[in-house]
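Structural overview
One-letter residues, chain by chain:
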Amino acid sequence: MKAAPEAQKRLLDLAELDTGLDRLRHRRRSLPELAEIDELSKRLAQVSTQIIAAETEAGDLARDQAKAESDVDAVRVRVERDQKRLDSGQVSSPKDLASLQSEIVSLRRRQSDLEEVVLEIMERREAADARVATLKSEREEVTGSLHAAEDRRDAAFAEIDKAAGELTSGRSAITADVPADLLGLYEKMREQTGVGAAMLHGGRCLGCRTSLSIADLNRIRAAAHDEVVRCEECRRILVRTAESGL
Ligand SMILES: [Zn+2]
(Lines give C-alpha, C1' and ligand atoms only; values in the text may rest on other atoms or scores of the structure.)
Protein backbone atom coordinates (compact mmCIF):
# COMPACT_ATOMS: atom_id res chain seq x y z
CA MET A 1 0.00 0.00 0.00
CA LYS A 2 1.18 3.49 -0.76
CA ALA A 3 0.22 6.78 0.92
CA ALA A 4 1.80 10.22 1.16
CA PRO A 5 4.15 10.48 4.18
CA GLU A 6 2.05 13.42 5.45
CA ALA A 7 -1.09 11.26 5.40
CA GLN A 8 0.82 8.52 7.25
CA LYS A 9 1.91 11.01 9.92
CA ARG A 10 -1.73 12.02 10.42
CA LEU A 11 -2.32 8.47 11.62
CA LEU A 12 -0.22 9.25 14.70
CA ASP A 13 -2.54 12.16 15.55
CA LEU A 14 -5.48 9.87 14.91
CA ALA A 15 -4.03 7.18 17.19
CA GLU A 16 -3.55 9.74 19.94
CA LEU A 17 -7.18 10.88 19.65
CA ASP A 18 -8.41 7.31 19.58
CA THR A 19 -6.43 6.49 22.71
CA GLY A 20 -8.06 9.52 24.32
CA LEU A 21 -11.49 8.30 23.24
CA ASP A 22 -10.74 4.81 24.61
CA ARG A 23 -9.73 6.34 27.93
CA LEU A 24 -12.96 8.35 28.07
CA ARG A 25 -15.04 5.27 27.24
CA HIS A 26 -13.24 3.32 29.93
CA ARG A 27 -13.77 6.13 32.43
CA ARG A 28 -17.47 6.26 31.55
CA ARG A 29 -17.85 2.50 32.14
CA SER A 30 -15.87 2.40 35.37
CA LEU A 31 -17.13 5.50 37.17
CA PRO A 32 -17.19 4.68 40.90
CA GLU A 33 -20.70 6.21 40.97
CA LEU A 34 -22.03 3.33 38.83
CA ALA A 35 -21.11 0.72 41.45
CA GLU A 36 -22.37 3.04 44.15
CA ILE A 37 -25.73 3.53 42.40
CA ASP A 38 -26.04 -0.21 41.92
CA GLU A 39 -25.35 -0.82 45.61
CA LEU A 40 -27.76 1.92 46.75
CA SER A 41 -30.53 0.72 44.41
CA LYS A 42 -30.23 -2.77 45.84
CA ARG A 43 -30.31 -1.41 49.39
CA LEU A 44 -33.35 0.71 48.54
CA ALA A 45 -35.25 -2.31 47.20
CA GLN A 46 -34.27 -4.26 50.31
CA VAL A 47 -35.40 -1.50 52.69
CA SER A 48 -38.70 -1.12 50.81
CA THR A 49 -39.38 -4.84 51.23
CA GLN A 50 -38.48 -4.63 54.92
CA ILE A 51 -40.84 -1.65 55.35
CA ILE A 52 -43.74 -3.61 53.85
CA ALA A 53 -43.01 -6.54 56.17
CA ALA A 54 -42.72 -4.30 59.25
CA GLU A 55 -45.90 -2.37 58.34
CA THR A 56 -47.77 -5.64 57.83
CA GLU A 57 -46.57 -6.83 61.25
CA ALA A 58 -47.57 -3.53 62.89
CA GLY A 59 -51.00 -3.74 61.22
CA ASP A 60 -51.52 -7.32 62.40
CA LEU A 61 -50.53 -6.34 65.94
CA ALA A 62 -52.92 -3.36 65.87
CA ARG A 63 -55.73 -5.77 64.99
CA ASP A 64 -54.61 -8.22 67.69
CA GLN A 65 -54.56 -5.40 70.21
CA ALA A 66 -58.08 -4.26 69.30
CA LYS A 67 -59.30 -7.84 69.61
CA ALA A 68 -57.58 -8.35 73.00
CA GLU A 69 -58.96 -5.02 74.28
CA SER A 70 -62.46 -5.99 73.30
CA ASP A 71 -61.96 -9.32 75.13
CA VAL A 72 -60.95 -7.35 78.23
CA ASP A 73 -64.02 -5.13 77.88
CA ALA A 74 -66.34 -8.13 77.58
CA VAL A 75 -64.93 -9.68 80.78
CA ARG A 76 -65.06 -6.34 82.61
CA VAL A 77 -68.74 -5.92 81.70
CA ARG A 78 -69.45 -9.38 83.09
CA VAL A 79 -67.56 -8.60 86.30
CA GLU A 80 -69.50 -5.35 86.74
CA ARG A 81 -72.80 -7.10 86.11
CA ASP A 82 -71.97 -9.84 88.64
CA GLN A 83 -70.73 -7.31 91.14
CA LYS A 84 -74.01 -5.34 90.78
CA ARG A 85 -76.01 -8.47 91.37
CA LEU A 86 -73.93 -9.23 94.42
CA ASP A 87 -74.28 -5.68 95.78
CA SER A 88 -78.02 -5.55 95.10
CA GLY A 89 -78.69 -8.17 97.72
CA GLN A 90 -81.07 -9.95 95.38
CA VAL A 91 -79.13 -13.17 95.56
CA SER A 92 -79.86 -14.65 98.93
CA SER A 93 -79.18 -18.36 98.64
CA PRO A 94 -75.73 -19.04 100.19
CA LYS A 95 -75.00 -21.51 97.40
CA ASP A 96 -75.78 -18.93 94.68
CA LEU A 97 -73.81 -16.27 96.54
CA ALA A 98 -70.80 -18.53 96.77
CA SER A 99 -71.08 -19.39 93.12
CA LEU A 100 -71.40 -15.71 92.16
CA GLN A 101 -68.40 -14.73 94.27
CA SER A 102 -66.35 -17.52 92.81
CA GLU A 103 -67.32 -16.44 89.28
CA ILE A 104 -66.26 -12.85 90.05
CA VAL A 105 -62.88 -14.06 91.34
CA SER A 106 -62.35 -16.17 88.26
CA LEU A 107 -63.47 -13.37 85.89
CA ARG A 108 -61.11 -10.90 87.59
CA ARG A 109 -58.25 -13.36 87.11
CA ARG A 110 -59.26 -13.75 83.47
CA GLN A 111 -59.45 -9.95 83.06
CA SER A 112 -55.97 -9.56 84.54
CA ASP A 113 -54.59 -12.27 82.24
CA LEU A 114 -56.16 -10.57 79.22
CA GLU A 115 -54.77 -7.19 80.29
CA GLU A 116 -51.32 -8.81 80.37
CA VAL A 117 -51.92 -9.99 76.81
CA VAL A 118 -52.89 -6.45 75.75
CA LEU A 119 -49.73 -5.04 77.34
CA GLU A 120 -47.56 -7.64 75.65
CA ILE A 121 -49.15 -6.91 72.25
CA MET A 122 -48.72 -3.16 72.82
CA GLU A 123 -45.02 -3.65 73.49
CA ARG A 124 -44.57 -5.71 70.34
CA ARG A 125 -46.59 -3.17 68.39
CA GLU A 126 -44.45 -0.30 69.66
CA ALA A 127 -41.34 -2.22 68.60
CA ALA A 128 -42.84 -2.85 65.14
CA ASP A 129 -43.83 0.83 64.78
CA ALA A 130 -40.31 1.86 65.81
CA ARG A 131 -38.86 -0.53 63.23
CA VAL A 132 -41.11 1.00 60.53
CA ALA A 133 -39.94 4.50 61.54
CA THR A 134 -36.25 3.46 61.53
CA LEU A 135 -36.60 1.79 58.14
CA LYS A 136 -38.44 4.79 56.68
CA SER A 137 -35.69 7.13 57.80
CA GLU A 138 -33.13 4.74 56.34
CA ARG A 139 -35.11 4.71 53.08
CA GLU A 140 -35.04 8.50 53.05
CA GLU A 141 -31.29 8.50 53.66
CA VAL A 142 -30.61 5.86 50.98
CA THR A 143 -32.85 7.70 48.49
CA GLY A 144 -30.94 10.93 49.17
CA SER A 145 -27.57 9.21 48.66
CA LEU A 146 -28.87 7.55 45.50
CA HIS A 147 -30.03 10.85 44.00
CA ALA A 148 -26.73 12.49 44.93
CA ALA A 149 -24.78 9.66 43.28
CA GLU A 150 -26.99 9.89 40.17
CA ASP A 151 -26.35 13.63 39.99
CA ARG A 152 -22.61 13.06 40.26
CA ARG A 153 -22.77 10.33 37.61
CA ASP A 154 -24.74 12.58 35.26
CA ALA A 155 -22.28 15.44 35.79
CA ALA A 156 -19.35 13.08 35.06
CA PHE A 157 -21.16 11.69 31.98
CA ALA A 158 -21.76 15.22 30.69
CA GLU A 159 -18.10 16.12 31.18
CA ILE A 160 -16.89 12.90 29.53
CA ASP A 161 -19.34 13.24 26.63
CA LYS A 162 -18.26 16.84 26.05
CA ALA A 163 -14.59 15.80 25.93
CA ALA A 164 -15.47 12.85 23.68
CA GLY A 165 -17.42 15.17 21.39
CA GLU A 166 -14.37 17.41 21.03
CA LEU A 167 -12.12 14.44 20.26
CA THR A 168 -14.64 13.08 17.77
CA SER A 169 -14.76 16.35 15.83
CA GLY A 170 -10.95 16.44 15.88
CA ARG A 171 -11.03 12.90 14.56
CA SER A 172 -13.31 13.84 11.64
CA ALA A 173 -10.91 16.63 10.70
CA ILE A 174 -8.03 14.14 10.60
CA THR A 175 -9.79 11.30 8.77
CA ALA A 176 -10.68 13.78 6.02
CA ASP A 177 -6.92 14.01 5.33
CA VAL A 178 -6.30 10.26 5.22
CA PRO A 179 -6.95 8.18 2.06
CA ALA A 180 -9.68 5.57 2.42
CA ASP A 181 -7.46 2.48 1.97
CA LEU A 182 -4.94 3.66 4.58
CA LEU A 183 -7.76 4.56 6.98
CA GLY A 184 -9.31 1.14 6.38
CA LEU A 185 -6.05 -0.58 7.30
CA TYR A 186 -5.69 1.65 10.36
CA GLU A 187 -9.23 0.81 11.54
CA LYS A 188 -8.64 -2.90 10.95
CA MET A 189 -5.42 -2.85 13.02
CA ARG A 190 -7.12 -0.74 15.66
CA GLU A 191 -9.85 -3.32 15.94
CA GLN A 192 -7.31 -6.15 16.24
CA THR A 193 -4.74 -4.53 18.52
CA GLY A 194 -6.45 -1.50 20.08
CA VAL A 195 -4.03 0.91 18.36
CA GLY A 196 -3.91 1.21 14.57
CA ALA A 197 -0.60 2.96 13.95
CA ALA A 198 2.58 3.54 15.90
CA MET A 199 5.66 5.69 15.50
CA LEU A 200 8.99 4.15 14.58
CA HIS A 201 11.20 5.85 17.15
CA GLY A 202 14.93 5.25 17.55
CA GLY A 203 14.59 1.92 15.78
CA ARG A 204 11.73 0.77 18.03
CA CYS A 205 8.05 0.27 17.29
CA LEU A 206 6.25 2.39 19.91
CA GLY A 207 3.16 0.20 19.45
CA CYS A 208 4.66 -3.01 20.84
CA ARG A 209 7.92 -1.53 22.20
CA THR A 210 9.99 -3.97 20.16
CA SER A 211 13.37 -2.96 18.73
CA LEU A 212 13.42 -3.76 15.04
CA SER A 213 16.06 -6.10 13.69
CA ILE A 214 18.82 -4.70 11.50
CA ALA A 215 17.26 -6.54 8.56
CA ASP A 216 13.84 -4.94 9.18
CA LEU A 217 15.41 -1.50 9.61
CA ASN A 218 17.33 -1.97 6.36
CA ARG A 219 14.16 -3.03 4.60
CA ILE A 220 12.37 0.10 5.87
CA ARG A 221 15.33 2.31 4.90
CA ALA A 222 15.10 0.90 1.41
CA ALA A 223 11.35 1.39 1.18
CA ALA A 224 9.99 4.40 -0.68
CA HIS A 225 8.72 7.31 1.47
CA ASP A 226 5.16 6.70 0.38
CA GLU A 227 5.33 2.95 1.07
CA VAL A 228 3.15 1.98 4.06
CA VAL A 229 5.37 -0.18 6.28
CA ARG A 230 4.25 -2.47 9.08
CA CYS A 231 5.83 -3.71 12.28
CA GLU A 232 6.76 -7.38 11.82
CA GLU A 233 6.01 -7.99 15.49
CA CYS A 234 2.56 -6.37 16.02
CA ARG A 235 1.52 -5.73 12.39
CA ARG A 236 0.63 -2.13 13.19
CA ILE A 237 1.25 0.58 10.62
CA LEU A 238 4.73 1.90 11.38
CA VAL A 239 4.97 5.64 10.78
CA ARG A 240 8.38 7.06 9.97
CA THR A 241 9.38 10.45 11.35
CA ALA A 242 12.61 12.39 11.81
CA GLU A 243 13.15 10.50 15.10
CA SER A 244 12.82 7.08 13.57
CA GLY A 245 16.57 6.40 13.69
CA LEU A 246 16.81 5.42 10.06
ZN1 LIG B 1 5.14 -3.23 16.76
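Now for the coordination of the zinc ion. Taken together, the protein ligands of the zinc ion are C205 (SG), C208 (SG), C231 (SG) and C234 (SG), with distances of 2.2 to 2.3 Å. Seen from the zinc ion, its four donor atoms lie at angles of 106 to 113 degrees, and the figure they make is tetrahedral. Every donor residue of the zinc ion comes from the same chain, spaced as C-x2-C-x22-C-x2-C. With a gap of 26 residues between them, C205 in strand β2 (residues 204-205) and C231 in the loop between β4 (229-230) and β5 (237-240) connect regions that are remote in the sequence.

Its 14 residues place the ends of helix α4 (residues 180-193) 20 Å apart at the C-alpha level, agreeing with the 20 Å of an ideal helix rising 1.5 Å per residue. Of the positions making up α4, those classed as buried are L182, L183, L185, Y186, M189 and R190. Burial along α4 is one-sided: seen end-on, the buried residues are contained in an arc of 160 degrees. Away from its buried face, by an angle of more than 90 degrees, α4 presents the exposed residues A180, E191 and Q192. Those residues of α4 that are buried are in contact with α1 (5-29), α3 (94-175), β1 (197-201), β4 and β5. A positive phi of about 90 degrees marks G194, the residue just after α4.

In terms of domains, the chain is made up of domain 1 (5-25 + 179-240) and domain 2 (31-176). Measuring from the centre of the C-alpha atoms in domain 1 to the corresponding centre in domain 2 gives 67 Å. With 12 residues of domain 1 at the contact, the number on the domain 2 side is 10 residues. Summing both partners gives a buried area of about 930 Å² for domain 1 against domain 2, and 74% of it is carried by carbon and sulfur. On the domain 1 side of the contact with domain 2, L17, L21 and L24 bury the most area, a combined 55% of that side's loss. For the interface between domain 1 and domain 2, the tally reads two salt bridges. A salt bridge links E187 to R171, with the nearest nitrogen and oxygen atoms 3.0 Å apart. At the boundary of domain 1 and domain 2, one finds two residue pairs in polar contact (both at pLDDT 80 or more). Elements with a minimum of two residues in the side of domain 1 that touches domain 2: α1 and α4.

Calculation rules
Residues numbered from 1 in each chain as written. Predicted model: local features only at pLDDT ≥ 70, side-chain atom pairs only at ≥ 80, totals over all residues. Heavy atoms only, no water. Donors = N, O, S within 2.8 Å, 3.2 Å for Na, K, Ca; no water. Tetrahedral: all angles 85-135°; square planar, octahedral: opposite > 155°, others 65-115°. Helix = DSSP H or I, 4+ residues; strand = E, 2+ residues; numbered from the N terminus. Expected span 1.5 Å × (residues − 1). Buried < 20%, exposed > 50% of the residue type's maximum accessible area, 1.4 Å probe, protein only. Arc of directions from axis to C-beta. Contact = heavy atoms within 4.5 Å. Domains from an automatic or database assignment. Buried area = accessible area lost by both parts, 1.4 Å probe. Salt bridge = Lys/Arg side-chain N within 4 Å of Asp/Glu carboxyl O. Polar contact = N/O pair within 3.5 Å; in protein donor to acceptor, adjacent residues only side chain to side chain.

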